[in-house]
Amino acid sequence: MSENSANKEWEPKIVAIVCNWCTYAGADLAGISRIQYPPNVRIIRVPCTGRINPFYIVKALQEGADGVLVSGCHPGECHYISGNLVACRKFAMLKSFLNYIGIEGDRTMFTWVSASEGDRFAQVIRGVTTKVKALGPANKMVKKF
Amino acid sequence: MAHKNSQKRVKPEDRKKKVIGVVARGCTTRSLIIHLQERQYERDDVCIIGVPCDGYVDGKGLKVKIGGADIVEGTVDGGQLKMKTSDGDKTVALKDVLAECCLTCRFNNPIISDVMIGSPAPAMNPDAEYNDVKEFEAKSIEERWAYFIKEMEKCIRCNACRQACPSCYCPTCFVEQSQPQWVGIGEDKTDTQVFQFMRLYHMVGRCVDCGSCVSVCPMGVDLRKFLKKIDKDCFEMFSNRAGSSMEDMPPLGKYDEHHDKQDFIYNP
Ligand code: SF4
Ligand code: SF4
Ligand code: SF4
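Everything in this summary refers to the structure shown in the same document. Note that the structure is a prediction, hence the values are computed from the model and not measured.

About the cut-offs
Residues numbered from 1 in each chain as written. Chains lettered and ligands numbered in written order. Predicted model: local features only at pLDDT ≥ 70, side-chain atom pairs only at ≥ 80, totals over all residues. Heavy atoms only, no water. Helix = DSSP H or I, 4+ residues; strand = E, 2+ residues; numbered from the N terminus. Rg over C-alpha atoms; globule rule 2.2 N^0.38 Å. Buried < 20%, exposed > 50% of the residue type's maximum accessible area, 1.4 Å probe, protein only. Contact = heavy atoms within 4.5 Å. Areas by Shrake-Rupley, 256 points an atom, 1.4 Å probe, with all protein chains shown as cover. Lys, Arg positive; Asp, Glu negative; His and termini not counted. Charge placed at Lys NZ, Arg CZ, Asp CG, Glu CD. Buried area = accessible area lost by both parts, 1.4 Å probe. Salt bridge = Lys/Arg side-chain N within 4 Å of Asp/Glu carboxyl O. Pairing = 2+ DSSP bridges. Axes fitted to C-alpha atoms, helices over the stretch in contact; angles between N-to-C directions. Right-handed = clockwise from strand over helix to strand, strands pointing away. Near = heavy atom within 4 Å. Nonpolar A, V, L, I, M, F, W, Y, C, P; charged D, E, K, R; others polar.

**Focus: the overall build of chain A**
Thinking step 1. In terms of helices and strands, chain A carries five helices and four strands.
Thinking step 2. Written out in order from the N terminus, the α and β elements of chain A read α-β-α-β-α-β-α-β-α.
Thinking step 3. In terms of overall size, chain A behaves like a compact globule, its C-alpha atoms giving a radius of gyration of 15 Å where 145 residues would be expected to give roughly 15 Å.
Thinking step 4. Within chain A, the proportion of its 145 residues that are buried is 59%.
Thinking step 5. Sequence separation of 24 or more characterises 83% of the internal contacts of chain A that already satisfy a separation of 6 or more.
Thinking step 6. For chain A, the computed accessible surface area is about 6300 Å², with 51% contributed by carbon and sulfur atoms.
Thinking step 7. Distance between charge centres in chain A, computed from 18 positive and 11 negative side chains, equals 7 Å.

Here's what the structure looks like:
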C-alpha cells in the first residue's frame, strides 16, 4: 500500500434515498446556497418515501453501504398526502428488527427534510456521516463480490 | 395428532380447488382473517367450522424426549400421552411436549366461525408469550448477531417454511423474482441472511404464530425467536395482533398520524 493511501482516513459510503419533492429539493437548496457537507452520500431520488421497498435498504447494506439514510417530507407535507406516514410504519419496524438481529441502529437512519431546509439537509448529512464513521466499516450481512 | 400432521394449511389458492368448508382452530381462523383482510376471497366463500384447541404436540421435541424411538401408536388420556414405540411403551405428560407456539397461544379458540364444535378450550399461557424475545433483546448486539448468523447458517434454502406458511401465498415470491433478483441463488451466506430477513419482515402483521414454519424446517432453524419479535413490535407500536379481528386492517397498510411512533426519526 502506498504511503498516501495508508495515511488516508477511512471514509464511509452512505446511500441516501430521498423523496423528489422535499428532501431532494432540500439537497438542491443546500447546493445552491453553497452549504458544505461531507461528500460521503450517494443520493438516490425516488418519487416518495412511500415508494421505498424496505428491500432497497437491506440490499444497500448487503451490497456494501456503510450506512443508509432515508429522508422524506415532514408529516403532513407529503406530496402524495400520506406516503411518508405509511413509510414511517415500515421503517419503524425495519429499524427495530435490524437492530434485533444485531445490525447497529445507526446504520439505518430516517429523517424528514423539507424543500426549504437546505441547512437541515447539510446538518443531517454531517450527523449521519459522523455516526457511521464512529461505527466503522460495515461488516455484517455484507456480500463479498 | 402431531403438530406436523396438522400442517395442511389453508391458502387462498385453495379456492380454485373449491374448498368451501374449513375446520379451523384458533390460529387457522387468524390466517383466514388475514386472507380476508387482504381481499383474497369473500367471507361468504368459506364456511368455517370452529374447533377449540388444547395445543399440538411438537413431533421433533417428542422424539427427542423418548430417546429417538419410533412411535407406532399413541393415545391421549387425561393429560398423559401414552405411546407404543419401537422401544416399548412410553408415557409423557402432554404439557411437556406441546409445541412452543401452542404453550403461549393467546387465541386457541376460533375468532370467527359459522359453526362451533365443542366447548371453548381453557386458556393457554399468553403472558409468557414474549419471554424469549425479551431475554434476547437484553443480550448485547454482538451476541444477537452471532446468534442470527449461527441460526441462518443452518438454513439450506429449501423454502419449506414459506411453502407451509398460510401467509406466504404470493404467486411470485421475491425469492423467485429475477428482475430484479432480490436474492442470489448461490450459497453465499449473506444471501441466505437476506432471504430470511426479508421473509421474516414480510410477516409484519401477518404471522399468526401457527408454528408451521418451525415444524417443517428440516434444519431446526429458530425462526420463532425472530417472528415473535415482529409480533411484539407490531403490538407495541401499532396495537395490532395479526388476524385477531375482522375489523382491523393490515398494520402496514394504514397509519395513525397522532399515535405512530416517531422517536426513531433522526433530528440532528
Ligand atoms: S411465519 Fe411461521 S408461524 Fe408465522 S404464520 Fe407463517 S408458518 Fe405460521
Ligand atoms: S416470503 Fe414474502 S414474497 Fe414470498 S410468499 Fe411469503 S410473503 Fe410472499
Ligand atoms: S424450512 Fe428451514 S432450512 Fe428450509 S428455507 Fe426455511 S428456514 Fe431454511
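**Comments concerning the interface of chain A and chain B**
Thinking step 1. If you look at the interface, chain A gives 43 residues, while chain B gives 45 residues.
Thinking step 2. Across the interface of chain A and chain B, roughly 4100 Å² is buried in total on both sides, 71% from carbon and sulfur atoms.
Thinking step 3. Broken down residue by residue, the surface that chain A buries against chain B is led by Arg89, Met93 and Tyr100 of chain A, which jointly contribute 24%.
Thinking step 4. At the boundary of chain A with chain B, the tally comes to three salt bridges.
Thinking step 5. As a salt-bridge pair, Lys143 of chain A and Asp191 of chain B come within 2.9 Å of each other at their nearest N and O atoms.
Thinking step 6. Elements with a contribution of two residues or more to the side of chain A that touches chain B: α3 (54–62), α4 (83–101), β4 (108–112) and α5 (118–135) of chain A.

**Let's talk about the sheet that holds strand β1 (residues 21–24) of chain B**
Residues and elements named next belong to chain B.
Thinking step 1. Strand order in the open sheet formed by three strands is β1-β2-β6, with parallel pairing between adjacent strands. Bordering the open sheet on either side are β1 and β6 (115–116), each of which pairs with just one other strand.
Thinking step 2. Of the strands in this sheet, β1 and β2 (47–50) touch helix α1 (residues 26–37), which is tilted by about 135° from β1.

**Quick word on the pairing of β4 of chain A**
Thinking step 1. Counting buried residues along β4 of chain A, five of its five residues qualify, which places the element largely inside the surrounding structure.
Thinking step 2. Viewed along the sheet, the connection from strand β3 (residues 67–72) of chain A through α4 of chain A into β4 of chain A turns out right-handed.

**Details of the site of ligand 2**
Thinking step 1. As a structural note, the neighbourhood of ligand 2 is formed by Arg162, Cys168, Cys170, Cys173, Phe174, Arg199, His202 and Arg206 of chain B.
Thinking step 2. Looking at side-chain class alone, the shell around ligand 2 contains four nonpolar, one polar and three charged residues.

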